[in-house]
Amino acid sequence: VSTQSTGSSGINAEYGHLQDIVLEDGFQDLQDDFLSKHCDEFEEEEENKLVYTDIYNSYITKIEGYICTRLQDLHPNFQMEVLLNLIKSRKDEVDPELFDTLASFADFMLFKENILNYKSQKDNEMGEFPSLVVTSLACGLPKS
């Protein structure tokens, strides 16, 4: 976002570009790969481990880097600070889903909630079924 594109139509265009970027396969893959790689480090506890900070900072760097690169491809004069100020000052003009997505990149607790939800889904898809199969097979074995 350059300082010249801060009018109403410029903002709508930027929000449209942002929405397109977060829906891209490349963005989704980046996010899924990151969450998959790091979700096992997280636990549902009140106290946060020190490693969470490093993981969160890495996440922000990757996500912000991806978004910045894509927006700079579209607008060579793009400035993230200008965009963030626009979002803050005109958040009522941002699609609520896009706003929530962007907010989760800047809020550790939302990030932690997202990564724990990802972990829970991953565990349910991968971990529950095999143990049920093993249990049911063990029940059918003859006793010695």
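Residues numbered from 1 in each chain as written. Predicted model: local features only at pLDDT ≥ 70, side-chain atom pairs only at ≥ 80, totals over all residues. Heavy atoms only, no water.

## Let's talk about the packing of helix H2 (residues 25-38) against helix H3 (residues 50-74)
Basically, it comes down to this: A fitted line through C-alpha atoms represents every axis, and for helices the fit uses only the stretch in contact; the resulting angles, taken between N-to-C directions, go from 0 to 180 degrees. The secondary structure listing takes helices from DSSP runs of H or I that are at least 4 residues long and strands from runs of E that are at least 2 residues long, numbered from the N terminus. An angle below 35 degrees is read as roughly parallel, one above 145 as roughly antiparallel, one from 65 to 115 as roughly perpendicular, and any other as oblique. Note on contacts: a residue pair qualifies if any of its non-hydrogen atoms lie within 4.5 Å across the two residues. Residues are grouped as follows: Ala, Val, Leu, Ile, Met, Phe, Trp, Tyr, Cys and Pro are nonpolar; Asp, Glu, Lys and Arg are charged; every other residue, Gly included, is polar.
At a minimum axis distance of 11 Å, the contact between H2 and H3 shows a crossing angle of 170°. By the angle between their axes, H2 is roughly antiparallel relative to H3. Contacts from Gly26, Phe27, Leu30, Gln31, Phe34 and His38 of H2 reach H3 at Ile55, Ser58, Tyr59, Lys62, Ile63, Tyr66 and Ile67. Classifying every residue of the contact of H2 with H3 gives 8 nonpolar, 4 polar and 1 charged.

## What about H2?
Since the α-helix turns once every 3.6 residues, residues separated by three or four places project in the same direction. Counted only if it meets this: Given a helix with a known number of residues, its expected span is that number minus one, times 1.5 Å. Using a 1.4 Å probe on the protein chains alone, a residue whose accessible area is under 20% of its type maximum counts as buried, one over 50% counts as exposed, and one in between counts as partly exposed. Each C-beta atom gives one direction from the helix axis, and the arc is the one those directions make.
Here H2 contains 14 residues, and its C-alpha end-to-end distance of 20 Å stays within 8% of the 20 Å for a straight helix at 1.5 Å per residue. Those residues of H2 that fall on the buried side of the exposure criterion are Phe27, Gln31, Phe34, Leu35 and His38. Taken end-on, H2 shows its buried residues confined to a sector of 95°, consistent with a single buried face. With respect to the buried face of H2, the exposed residues turned more than 90 degrees away are Asp25, Asp33 and Lys37.

## With respect to a negative patch on the surface
Selection criterion: Within this analysis, patches are made of residues with over 30% relative accessible area and no salt bridge. Like charges are joined at 9 Å or less; nonpolar side chains (Val, Leu, Ile, Met, Phe, Trp, Tyr) at 5 Å or less. Only the protein chains shown count as covering a residue, and every accessible area follows the Shrake-Rupley method with a 1.4 Å probe. Every case where a carboxyl oxygen of Asp or Glu lies within 4 Å of a side-chain nitrogen of Lys or Arg is listed as a salt bridge. This count recognises Lys and Arg as positive and Asp and Glu as negative, with His and chain-terminal groups excluded. Where a charge sits is defined by one atom per residue type, namely NZ (Lys), CZ (Arg), CG (Asp) or CD (Glu).
Residues Asp25, Asp29, Asp32 and Asp33 make up a contiguous surface patch of negative charge. Considering the arrangement of structural elements, one finds aspartate 32 in helix H2. Looking at aspartate 32, the relative accessible area reads 35%, which means it is partly exposed.

## Observations regarding the layout of surface pockets
Under the convention used in this document: A 1.4 Å probe that fits but cannot get out identifies a cavity on a 1 Å grid over protein atoms alone, an open set with protein on both sides within 12 Å along at least five of seven lines counts as a pocket, and a residue lines either if it has an atom within 4 Å of a point. Grid points are joined across faces, edges and corners, and a volume is the space filled by probe spheres set on the points.
Considering only enclosed or pocket space, the largest pocket measures out at about 370 Å³ in volume. Secondary structure elements with two or more residues in the lining of the largest pocket: H3, helix H4 (80-89) and helix H5 (96-106).

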